[in-house]
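Structural description and commentary
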Amino acid sequence: MSSNVRVRFAPSPTGYLHIGGARTALFNWLFARHNNGIFLLRIEDTDQQRSTEEATQAILDSMKWLGLDWDEGPYYQSQRLSIYKQYAENLVAQGKAFYDTDAEGRKAIRFKMEDGVTEFNDLIHGNITFDTALIEDFVILKADGFPTYNFACVVDDADMEITHIIRGDDHISNTPKQISLYNAFGFKLPEFAHIPMILGEDGSRLSKRHGATSVTEYRDKGYLPHALVNFLALLGWSPGNDQEILSIQEMIEKFSLKRANKTSAQFNNTKLDWMNGQYIKNTSVEQLTLEVKGFFEKSGIDMKKIPAVWLANLVKLYHERFKTFQDLLNQTGFFFTDAVEYDQAAVDKFLKKEGIADLLKEAYLVLSLVDNFDKQSLEDCLRTLTAKIGIGFSKVAQPLRVAITGRSVSAGIFETMELLGKEKTLKKLDSTIVTLGKTFESVKVDAEPSSA
RNA sequence: GCCCCCAUCGUCUAGCGGCCCAGGAUGCCAGGUUCUCAGCCUGGAGACAGGGGUUCAAAUCCCCUUGGGGGUACCA
């Protein structure tokens with residue numbers, strides 16, 4: 001069943017789609033889908049200086065990545081110049097607008113603001129009143145023949161029969177101008193819903209200095225689009241119960257402007273990370289493996305030599321341990337290199353002890369004798385070793401972990417060795433034993449070469 | 001400066017006059033599981049910006065103050 005609801009997302013292509021814009025797009029999209037209405041996309045490229053094709057493409061890509069599909073458009077305002085001109089001249093003919101030349105000699109058309117009171121009922125804020133005497137006659141058609149935002153917006157929204165204007169509340173103060181325009185033309189007024197803005201983590205306006213602010217950056221850092229959508233949906237809206245993880249379908253079913261907030265929200269990367277982790281845990285290993293492959297490839301790892309089964313095992317081992325694909329890459333980088341990159345703190349804590357080299361050599365020896373290099377055999381092997389020496393298991397597990405992975409933190413040591421394989425495990429271990437003798441000064445070890 | 005919007009734990013929020021000495025999530029702290037971390041489980045600390053009203057009763061309604069955000073362009 002369709003309805004007459006028609007909404008739009010109308011970004012200006014002067015930069016990437018940022019988080020705030022994405023949330024506005026999402027609310028429009030959810031509103032349209034919930035009401036079986038139409039969601040259309042309109043590119044407001046009326047600023048010839050700042051609009052770029054790259055930005056337009058980035059916005060379209062971001063929308064697609066997020067899954068925000070549109071039913072009409074994208075329409076480009078730059079292709080509708082004659083329409084705006086016609087409407088503007090019509091206003092001049094009616095005496096509601098006039099030509100004006102500024103100090104720089106630029107000739108533009110200005111709209112005559114009538115003194116009075118403009119009041120409208122915002123779907124989110126309720127009644128909002130403005131004294132239009134405080135608003136000056138504003139330009140509607142610039143000297144370059146392009147319309148200004150307020151003008152093009154009204155002409156298009158009326159022409160495209162937009163029923164609900166859902167946009168950031170930074171547009172509240174534009175609304176009286178637009179309403180005056182609607183009235184001047186005799187257009188039917190749409191409903192207005194001004195949703196709060198998204199602020200940076202420090203509560204100030206979201207800007208580049210807050211780190212990642214564009215949708216593409218989140219994509220490139222290995223976030224899942226649904227997680228971002230879910231997170232964004234909960235910024236300024238809630239389903240009314242304690243549910244935080246919602247499928248797209250659930251969001252559509254439950255979405256309502258009545259449950260949208262008036263208060264601006266601060267973007268919180270930490271919670272986004274948690275949510276992305278939740279989505280990763282709820283995504284199958286098969287699916288993740290596919291995406292991880294693509295992500296690792298883009299990150300410069302030669303995946304052609306990596307068997308699919310092996311990668312799936314890696315993903316399985318880290319399934320509950322990583323929050324983003326970038327995070328996974330950071331944690332598992334050592335699997336893809338021969339050299340061991342040491343974390344200094346880990347070395348200081350676990351390798352700079354007397355007798356460590358000997359202990360690792362013993363470990364090397366027994367490990368080299370393990371035929372089936374699987375986690376069970378490895379566990380039996382190492383537990384036997386520590387029992388024989390008479391030390392706690394962690395006394396060997398940690399040095400071994402640092403020796404092989406370079407860090408004090410990793411997935412289970414047996415699983416890690418199994419996945420790494422006997423050859424590479426021994427190679428890394430040997431490399432550490434050698435390094436211990438050479439450069440980890442303050443450690444007294446014999447200069448004899450490590451056994452192989 | 002002027003105009004507009006907003007105000008519940010650090011953060012995201014539930015709450016729409018009594019069910020709230022305020023619930024959930026995240027983050028943080030502690031304990032458990034354990035080869036480390038993560039995860040998971042259990043517990044804990046943590047908020048109605050301040051001041052006036054209205055009312056038998058206010059986080060919820062009104063006013064003021066303060067704080068934050070937005071606008072004031074031939075930007076959108």
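Placed above this text is the structure.
Residues numbered from 1 in each chain as written. Chains lettered and ligands numbered in written order. Predicted model: local features only at pLDDT ≥ 70, side-chain atom pairs only at ≥ 80, totals over all residues. Heavy atoms only, no water.

Examining the overall build of chain A
Formally: Under the DSSP-based scheme used, a helix requires at least four consecutive residues in state H or I and a strand at least two consecutive residues in state E, with every element numbered from the N terminus. Both definitions apply: the radius of gyration is a C-alpha atom measure, and the globule rule equals 2.2 Å times residues to the power 0.38. Accessibility here uses a 1.4 Å probe with only protein chains present; expressed as a share of the type maximum, an area under 20% marks a residue as buried, one over 50% as exposed, and anything in between as partly exposed. Contacts are assigned to residue pairs that have any heavy atoms within 4.5 Å of one another. Only the protein chains shown count as cover for residues, and the accessible areas themselves come from Shrake-Rupley with a 1.4 Å probe. Charged residues are defined narrowly, with Lys and Arg counted positive, Asp and Glu counted negative, and His plus the chain ends left uncounted. Each charge is placed at NZ for Lys, CZ for Arg, CG for Asp and CD for Glu.
Of the regular secondary structure elements, chain A holds 18 helices and 12 strands. A globule of 452 residues ought to have a C-alpha radius of gyration of about 22 Å, yet chain A, at 31 Å, is considerably larger. If you line up chain A on its principal axes, its C-alpha atoms span 100 × 50 × 35 Å. Every one of the 452 residues in chain A was classed for burial, and the buried ones make up 49%. Restricting to contacts in chain A with at least 6 residues of sequence separation, those with at least 24 account for 73%. Carbon together with sulfur atoms contributes 49% to the accessible area of chain A, which is approximately 21,700 Å² in total. Of the side-chain charges in chain A, 52 are positive and 61 negative, and the distance between the mean point of each set is 2 Å.

Observations regarding the nonpolar core
Put simply, the test is: Only buried Ala, Val, Leu, Ile, Met, Phe, Trp, Tyr and Cys residues count toward a nonpolar core, and they belong to the same one when joined by side-chain atoms within 4.5 Å.
Among the nonpolar cores identified, the biggest contains 106 residues, and Met63, Phe296 and Met417 are the most heavily contacted of them. Tallying contributions element by element places helix 1 (residues 19-34) first for this core, with nine residues.

Things to note about the protein's contact with RNA strand B
Rules: Proximity criterion: a residue is near a molecule or strand once any of its heavy atoms comes within 4 Å of it. Think of a polar contact as two N or O atoms within 3.5 Å of one another; within protein, one of them needs to be a possible hydrogen donor and the other a possible acceptor, and neighboring residues in sequence only count if both atoms come from side chains. Lys, Arg, Asp and Glu make up the charged group, whereas Ala, Val, Leu, Ile, Met, Phe, Trp, Tyr, Cys and Pro make up the nonpolar group; the residues left over, Gly among them, are polar.
Arg106, Lys142, Gly236, Arg321 and Arg401 are the nearest of the 63 residues found near RNA strand B. Restricting the count to atoms of RNA strand B within 4 Å of the protein gives a sugar and phosphate share of 73%. Contact between RNA strand B and Ser238: a phosphate oxygen at 3.3 Å from a side-chain N or O atom of the residue. Between Arg401 and RNA strand B, the recorded distance is 2.4 Å, taken from a side-chain N or O atom to a base oxygen. Secondary-structure elements contributing two or more residues to the surface near RNA strand B are strand 5 (107-111), strand 7 (126-131), strand 12 (265-266), helix 9 (269-281), helix 16 (394-405) and helix 17 (413-420). With five residues, the single largest contributor to the surface near RNA strand B is helix 9. When grouped by side-chain class, the residues that make up the surface near RNA strand B number 19 nonpolar, 21 polar and 23 charged.

What about helix 10 (residues 285-298)?
Cut-off, in case you're wondering: Expected helix span is given by 1.5 Å per residue-to-residue step, counting one fewer step than there are residues. Taking the helix axis as origin, the arc is that swept by the directions to the C-beta atoms.
The end-to-end C-alpha distance of helix 10, which contains 14 residues, comes to 20 Å, matching closely the 20 Å that a straight helix rising 1.5 Å per residue would cover. All buried positions along helix 10 are accounted for by Val285, Leu288, Thr289, Val292, Phe295 and Phe296. The arc enclosing the buried residues of helix 10, seen along the axis, measures out at 130°, which places them on a common side. Among the exposed residues of helix 10, those oriented more than 90 degrees off its buried face are Glu286, Leu290 and Lys298. Residues of helix 10 that are buried sit in contact with helix 6 (215-220), helix 9, helix 11 (308-318) and helix 12 (325-332).

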